[in-house]
Every structure is written in C-alpha cells, then in structure tokens.
Amino acid sequence: MAKQSRNLPLDPDVAFETAAVRAGTERTDFGEHSEALFLTSSFVYQSAAQAAAMFSGAEEGYVYSRFSNPTVAMFERRLAVLEGAEDCVATSSGMSAILAVCLSHLKPGDRVLCGASVFGATVTLFANLMTRFGVETIFVPATDPQAWRAAANDHTRMLFFETPSNPLMEIVDLEALAALGRDLGALTVIDNVFCTPAQQRPLEYGIDVVVHSGTKFIEGQGRVIGGAVLGSREFIRKSIYPFVRTTGPSISPFNAWVMLKGLETMPLRVRAQSEAALTLARWLEAHPAVARVYYSGLESHPQHALARRQQRGFGAVIAFELRGEGNAEADRVRAWKAIDAVRIFSITGNLGDTRSTITHPATTTHGRLTPEARARAGIGEGLIRIGIGLEAVEDLRRDLERALAG
Ligand SMILES: Cc1ncc(COP(=O)(O)O)c(C=O)c1O
C-alpha cells in the first residue's frame, strides 16, 4: 500500500490558535486527517535485538503505554508548544501531576512553601501525605512576596502556587516568585488550570514548572480526567519521565486523545467563557444579595493591575460571597438554598466545562480541609463558586437571579 501521509513541520512562529489545532500532530502512513488513537498497551518489534535496543533506550521507539504512546506524545507535544515549554509529560490526573513533581523532586527534610488558597486536594497532599515523607509545608498568603521570603529557610526546595487561585482568585506575582525561587535555589511550580496557556504563560516569566489538570479547560467538555507537567527538557526527562514510567500515573491514550482534540477548541472556548464570566461578575457585583465578588477581571479586585499585566484574560471561574450575618450555619443554609434554586448551572465540583457549574467550596472541593485550613484560605460558608460555560450569558444571568432571589 502506498504511504499517503504528509508530516510537514509547523513554522515555529505560528499563532497560538494555529498551534492549538496543528502542533504535535504525527500522521501514520495511512494519512488520517484527525489524529489517530493508539489503544494499545504494548508495541511489537522486528526482532529480539530491536526489542532489547528499545527497552534500553539505545534505539528510539515505543515500548509500553505506561512509558509512552504515540497519541499521548502528540498531546504532550501540542501542550508543550502552547505553554512555551521545552517538554511535557502527561499524567492520569491533575493531582498525579502535582504528586509526580513532589515525589521526583523533594526528599525528607525539605521545606515547601505553598500558597494558602489552593485546590483542597492540593492542600491535603502537602499537609498530610507529604508530611509522612518528612517534607514540611508552610502555607503562605500567596499575594505577598515578602510573606514567601519570610517563610523560607535553607531547606526550602519548592514554591507551589495557583494564580488565579481556587476558589478566591488571588493573583500571585509571577516575576517576583520566579526571582525568589532563583534566590533560594527552589523550584517554582504553578498550577495553571484557571487561565490555561491561552491566557497565561508562566514559563515566560521565569517560573520553572507548570502543572495542569487537563480535566478542566483543556479537555473542555467534562468527559475524562488527565493532567500534565511541563518545564525544561532536563527537568522533564531526568525527573518527571522516569518517575511516571516507574510508578505508573500515566495518562490513558484515550484520555490523551480526548484532550488533544480539546486543545483544538480551547483558545475559542476560553475566550468566550471568560468574556461571559466578566459580564456575570460585573452583574453579580452590583447585586444587593452579594457581599463580595472574587474575579480578577473586576477593577475592584485588589490585584487587577497585576492580573492585567501577566494574563491575557481573566479566566471563567468566579467566586462570590452572599450577604449574611456572619453566622456560619445560617450562611451555609443561605448558600445551599441559592445553589438548589438554579436550573441551568450544574451542581458539580468540576469547572472548565462547556456547561456552567456551581458549587459550595466549604462543603465540597475544600470540604476535607480542617476548619483552620479553610479559615486560612479564606473560604467561608457563604462562598459560592461558579464555572462559566458556553450557554447564552443572558440565560445564565437569569438563572443566577433566580438563585439570589431565593
Ligand atoms: C486548580 C486545580 N488544580 C488541580 C485539580 C486536580 O485535578 P484533577 O481532578 O484532574 O486531579 C483541580 C480540580 O480538580 C483544580 O481545580
């Protein structure tokens, strides 16, 4: 059969949108237009000698899908181009991406500094799991570079943060954190879930490592779980790849394929979703039942100027506080009642979906935190988090009106 594929290299200076649909593609000899899904656990060889060469790494090729897979490799290459990273390893989830960075980089006696307002499972990972391995974590007010410096000691090996953070949309100064990391000789790691590379490229600011929950905006339609670690070729090949290959938090080729296709529409989706989010955040801010709105696109956000400087948009997640009397029980009842009143928003913990979502962080995404950790992160009982999807913004506004009227 004739080979019919054209694998032409992409010009290095193509626009982000072009890279999102084209980068990393490698066609088979069949010439398929849409990227192939290689559902295979292992790969075969022409001879025992070739098998030996590929297992040892003397010859390049695919061995076993825990190590690498052509579909996974296409996803990794495309995401690396979009993040401006030298290399990428995809993982089974966002949490396993964070775990891979921790376990491949940290050792007993090390100190981690972590932003206080981050995803609940991330707090649990640092506060509980890593402690058992002798790694100490200090949670710091992430918006204050001085607080990071004050919490550091000679054993500080990692600075971890989200910006915007989940759920309070705090903005961390990327340049300041990158400089501090260099001073301390500590790895700077950002969870770039809320902005995606469509709106924020932290490596350009000197941050060392980006982690992703691909489950959110990258995948984009709430179907599968996955994640990724991105950074220098040296860090990814010497630290992350051997860890994932040996311990197995690898992404399934199917999930990688869904995410590869998700990347194609990500720039358009994120733009539309964040424009709708800004409209709704402005409307919520003016609503009498709302005490405070957390969204970095609002002029009232304390780090709005910084967000404008380092982001190309403000993301599609908003948190807001209902007006209450400061009584935790009454605040929770009011928040649950508002959530129960919606008809379009899905009551679910996920975000970054084409369908808008609503959740009560204190009892869901951050429910396993101790009351002290929740207080430190500023997550009250009256706080509601919404992830904006692709429904008409006017329908979403009416749905929120219904919730707030309750
Ligand atoms: C900011 C952030 N990081 C990481 C995660 C974890 O990702 P995953 O669910 O893919 O493990 C989530 C949500 O689940 C998140 O919101």
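Residues numbered from 1 in each chain as written. Predicted model: local features only at pLDDT ≥ 70, side-chain atom pairs only at ≥ 80, totals over all residues. Heavy atoms only, no water.

Considering helix α2 (residues 48-56)
Line of reasoning, step 1. Every buried residue of α2 is listed here: Q50, A51, A53 and M54. The arc that holds the buried residues of α2, viewed along the axis, is 165°, so those residues lie on one side. Summarising the geometry of α2, the exposed residues directed more than 90 degrees from the buried face are A48, A49 and S56.
Line of reasoning, step 2. Positive backbone phi, approximately 90°, marks G57, located one or two places after α2. (Buried < 20%, exposed > 50% of the residue type's maximum accessible area, 1.4 Å probe, protein only. Helix = DSSP H or I, 4+ residues; strand = E, 2+ residues; numbered from the N terminus. Arc of directions from axis to C-beta.)

Some points on the side chain of R201
Line of reasoning, step 1. Relative to the elements of secondary structure, R201 occurs in the loop between α8 (196-199) and β6 (209-213).
Line of reasoning, step 2. At 3.4 Å, the side chain of R201 and the backbone oxygen of V81 are in polar contact.
Line of reasoning, step 3. Every residue in contact with R201, bar those within four places of it in the chain, is listed here: V81, L82, E83, G84 and R312. (Polar contact = N/O pair within 3.5 Å; in protein donor to acceptor, adjacent residues only side chain to side chain. Contact = heavy atoms within 4.5 Å.)

Comments concerning the domain arrangement of the protein
Line of reasoning, step 1. For the protein, the domain assignment lists domain 1 (16-262) and domain 2 (266-405).
Line of reasoning, step 2. Facing the 43 residues of domain 1 at the interface are 42 residues of domain 2.
Line of reasoning, step 3. Buried area between domain 1 and domain 2, both sides added, is near 3400 Å², and the carbon and sulfur share of it is 58%.
Line of reasoning, step 4. Our enumeration of links across domain 1 and domain 2 arrives at 1 salt bridge.
Line of reasoning, step 5. Between E17 and R271 there is a salt bridge whose closest N-O contact spans 3.3 Å.
Line of reasoning, step 6. Across the contact surface, domain 1 and domain 2 share 22 residue pairs in polar contact (both at pLDDT 80 or more). (Domains from an automatic or database assignment. Buried area = accessible area lost by both parts, 1.4 Å probe. Salt bridge = Lys/Arg side-chain N within 4 Å of Asp/Glu carboxyl O.)

Remarks on the environment of A330
Line of reasoning, step 1. With respect to the helices and strands, A330 occurs in helix α12 (residues 328-340).
Line of reasoning, step 2. For the pair A330 and G382, spaced 52 residues apart in sequence, the C-alpha separation works out to 8.5 Å.

Side note on the site of the ligand
Line of reasoning, step 1. Surveying the vicinity of the ligand reveals the residues S93, G94, M95, F119, E162, N166, D191, V193, S213, T215, K216 and G226.
Line of reasoning, step 2. At a separation of 2.8 Å, an oxygen atom of the ligand approaches a polar side-chain atom of S213.
Line of reasoning, step 3. In the model, an oxygen atom of the ligand is placed 2.6 Å from a nitrogen or oxygen of the T215 side chain.
Line of reasoning, step 4. Considered on its own, the ligand offers 380 Å² of accessible surface; in the complex 90% of this is hidden by protein.
Line of reasoning, step 5. The residue inventory of the shell around the ligand, partitioned by class, reads 3 nonpolar, 6 polar and 3 charged. (Near = heavy atom within 4 Å. Areas by Shrake-Rupley, 256 points an atom, 1.4 Å probe, with all protein chains shown as cover. Nonpolar A, V, L, I, M, F, W, Y, C, P; charged D, E, K, R; others polar.)

Remarks on the sheet that holds strand β11 (residues 357-359)
Think of a sheet as strands paired side by side through backbone hydrogen bonds, with each pair either parallel or antiparallel.
Line of reasoning, step 1. If you trace the 5 strands from one edge of the open sheet to the other, you get β8-β9-β12-β11-β10, paired in mixed fashion. On the outer flanks of this sheet lie β8 (290-294) and β10 (346-347), each paired with one strand and no other.
Line of reasoning, step 2. Packed onto the sheet, helix α10 (residues 253-285) meets β8, β9 (317-322) and β12 (383-387) and runs at close to 10° relative to β9. (Pairing = 2+ DSSP bridges. Axes fitted to C-alpha atoms, helices over the stretch in contact; angles between N-to-C directions.)

A few points about the packing of helix α4 (residues 94-105) against helix α5 (residues 120-132)
Line of reasoning, step 1. At a minimum axis separation of 11 Å, α4 and α5 run at an interaxial angle of 35°. Judged by the twist between their axes, the crossing of α4 over α5 is right-handed. Touching M95, I98, L99, C102 and L103 of α4 are A121, T122, L125, F126, L129 and M130, all from α5.
Line of reasoning, step 2. Its residues assigned to classes, the contact of α4 with α5 comprises 10 nonpolar, 1 polar and no charged. (Left-handed = near helix turned anticlockwise from the far one by under 90°.)

Here we look at the pairing of β12
Line of reasoning, step 1. Burial analysis of β12 places 5 of its 5 residues in the buried class, the great majority of the element.
Line of reasoning, step 2. Across 5 bridges, β9 lies against β12 in antiparallel orientation. Residue pairing in the sheet places F320 in a bridge with I384 of β12.
Line of reasoning, step 3. In this sheet, β12 lies alongside β11 in antiparallel orientation, the contact comprising 3 bridges. Within the sheet, the bridge partner assigned to T359 lies in β12 and is R385.

Some points on the nonpolar core
Line of reasoning, step 1. Ranked by size, the top nonpolar core spans 88 residues in total, and within it F75, L284, I318, I386 and I388 carry the most contacts.
Line of reasoning, step 2. Examining the composition of this core, we find that 14 residues originate from one element, α10, more than from any other.
Line of reasoning, step 3. Composition of this core by domain shows at least three residues from each of domain 1 (16-262) and domain 2 (266-405).
Line of reasoning, step 4. Among all residues touching I388, those that are not within four sequence positions of it are Q273, A276, A277, L280, A316, I318, F345, D353, S356 and L396.
Line of reasoning, step 5. Of all hydrophobic cores here, the second largest spans 35 residues; its members include F67, V112, A116 and V209. (Core = buried A, V, L, I, M, F, W, Y, C linked by side-chain atoms within 4.5 Å.)

Some details on the pairing of β9
Line of reasoning, step 1. Most of β9 sits inside the fold, with 6 of its 6 residues counted as buried.
Line of reasoning, step 2. Here β9 shows no split at all, with V317, A319 and E321 on one side and I318, F320 and L322 on the other all buried.

Some points on unusual backbone geometry
Line of reasoning, step 1. Cis geometry is adopted by the peptide bond preceding P164, which originates at T163 and carries an omega value of -10°.
Line of reasoning, step 2. In the Ramachandran plot, M169 falls in the positive-phi region, its phi being about 55° despite a non-glycine side chain.
Line of reasoning, step 3. Owing to a relative accessible area of 2%, M169 belongs among the buried residues under this scheme.
Line of reasoning, step 4. Located in the positive-phi region is T196, a residue other than glycine, with phi close to 65°.
Line of reasoning, step 5. Using a relative accessible area of 1% as the deciding quantity, one classes T196 as buried.

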